[in-house]
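# Summary of structural features
The residues making up each chain are set out below.
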Amino acid sequence: MAATPTDAGVARLGGFTFECGQSIPELHVGYETYGEFDGDNVVLVCHALTGSQNVARTPERDADAGQAGQARAWWDDVVGPGKAIDTTEYYVVCANVPGSCYGTSGPASERPADLDLGDEPDHDRWGTAFPPVQVEDWTRAQRRLLDHLGVGRLRAVVGGSVGGMNVFEWAKRYPDDVDRIVPIAAAARLDAQCLGLDAVARRAIRSDPNWNGGDYYGEGRDSPDTGLAMARQIGHVMYLSKASMERKFGRRSAGRDSLSRDQGDLGLEADPAAAFFPYREVESYLDYQAEGFAERFDANSYLYLTRAMDEYDLAAGYGSDADALAAFEGEALLVSFTGDWHFTVEQSASVATAFRERDVPVAHHVIDSDHGHDAFLVEPERVGPPLRDFLADGVEGRAVDDAGGDDEDPESDRDPDHAPVHSSLFGG
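Throughout what follows, the structure given in this document is the object of discussion. (Residues numbered from 1 in each chain as written. Predicted model: local features only at pLDDT ≥ 70, side-chain atom pairs only at ≥ 80, totals over all residues. Heavy atoms only, no water.)

### Structural notes on the overall build of the protein
From N to C terminus, the protein includes 12 helices and 12 strands. Taken over 428 residues, the protein has a buried fraction of 57%. Expressed as a percentage of contacts within the protein between residues at least 6 apart in sequence, the contacts between residues at least 24 apart total 74%. (Helix = DSSP H or I, 4+ residues; strand = E, 2+ residues; numbered from the N terminus. Buried < 20%, exposed > 50% of the residue type's maximum accessible area, 1.4 Å probe, protein only. Contact = heavy atoms within 4.5 Å.)

As structure tokens, this is what we get:
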């Protein structure tokens, strides 16, 4: 099947065996494409933890294609006509990853009616019978989709957060298939602090009585929205920096009763003592974001995808990051942010060193920002120039800086209080 300009749909890709050894009879992959394919201009964009394939808006179709909130057009400031990833020049492909819930096979997908699961659940979804997924499965599924679309070699693979881990896996698993890679705010593996926070987030979901061992699908059943919302709040705090939270919220009261007193939309138990204390702006923000997230995402998918992120280790099977990347002969741009404590500057620098050990042309572009892990969403005007110039000219690109400093964007001195508080979808 030849790729067509600006396409969207769900590809049926046949049977698929996951890295864990378990299989499904038919892998579905939700995808979107932007621009026109000329045989040599493909840029694959890897979404992050709870993102979708809907990376940008187009006049050809409504951006509200089955997603809500920040799953819709999540990088529209970077991908599009005349933008850093210019869809008048590049053919852009973005695919929803296995285990997610935006058209690609995952726990919320319908399972085959003739599939024997032993003790049959009283609903038609996979639930936790779906095979465990890993980042390696995401990369293999993307390769399968690109074959389906008639795409061979890639000009570049770009992704942020755990999408950056997805990018690393492309350089490791398919080194001959891609010319340039751009992992943004990414790391070769999670550290112990992030592993611990992810574990607590998953326990929040599993402790919700509505989770029911993962079998909450079916008519008349409530989803574990409270557990999922709390898990997202734990994650969301990881994506913001201490400085940005202080600037945006401080200790200010939100000016209304505490949700812990009136129970609110999260369904929390009443806490009479809370009547004495203020309901703060930071609480209000986290509650608002969590409620919206619980409406658009699947709790089991959150369990599956955070485990995939936790499990990823670039060096697995090779002994070192440098050995894992040794076969890659393209160029690499790593972008990191000084205020990101989720995936740190030091972690990106470590991978840059691994590339240099194998004589891979690499630039580590550090952006001075206090917006935390969400900086690559909040500050597209600073991410865009080095990304644009790297896609065009590699590490010699004019705006690409390997000196470990700022990107010298003329707007870098803007008032930080005018920067938006972005609704994070990344979380690794």
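### Let's talk about the nonpolar core
Formed by 79 residues in total, the largest nonpolar core has its most connected members in Leu145, Leu154, Tyr302 and Phe355. Of the residues forming this core, the biggest block, seven residues, is contributed by helix α8 (residues 299-311). Counting only domains with at least three residues in this core, you end up with domain 1 (6-192 + 319-393) and domain 2 (195-302). When sequence neighbours within four positions are dropped, the list of residues in contact with tyrosine 302 reads Leu49, Thr50, Ala201, Ile205, Leu228, Ala231, Arg232, Gly235, Tyr239, Phe293 and Phe297. In this structure, Ile85, Cys94, Leu333 and Val395 belong to the second largest nonpolar core, which totals 33 residues. (Core = buried A, V, L, I, M, F, W, Y, C linked by side-chain atoms within 4.5 Å. Domains from an automatic or database assignment.)

### Description of the state of the cysteines
Going through the model one piece at a time under the given rule, you end up with zero disulfides. Its sulfur unpaired, cysteine 94 is 7.5 Å from the next cysteine sulfur, which belongs to cysteine 46. Residue class for cysteine 94 comes out buried when judged on its relative accessible area of 0%. (Disulfide = S-S within 2.5 Å.)

### Some points on the pattern of salt bridges
Under the criterion given, the structure shown has 21 salt bridges. Aspartate 310 is the salt-bridge partner of arginine 202, the closest N and O atoms lying 2.9 Å from each other. Here the residue arginine 202 occupies a position in helix α3 (residues 192-206), and aspartate 310 occupies one in helix α8, the gap between them amounting to 108 residues. The exposure classification of arginine 202 matches that of aspartate 310, with both residues buried. In this structure, the salt-bridge partner of aspartate 370 is arginine 247, at a minimum N-O distance of 2.7 Å. Remark: arginine 247 occurs in helix α5 (residues 242-248) and aspartate 370 occurs in the loop between β12 (362-367) and α11 (375-378); sequence separation between them is 123 residues. The class for aspartate 370 is partly exposed, based on a relative accessible area of 29%. Three or more residues are tied together by salt bridges with common partners; here these are Glu19, Asp137, Arg140, Glu169 and Arg173. (Salt bridge = Lys/Arg side-chain N within 4 Å of Asp/Glu carboxyl O.)

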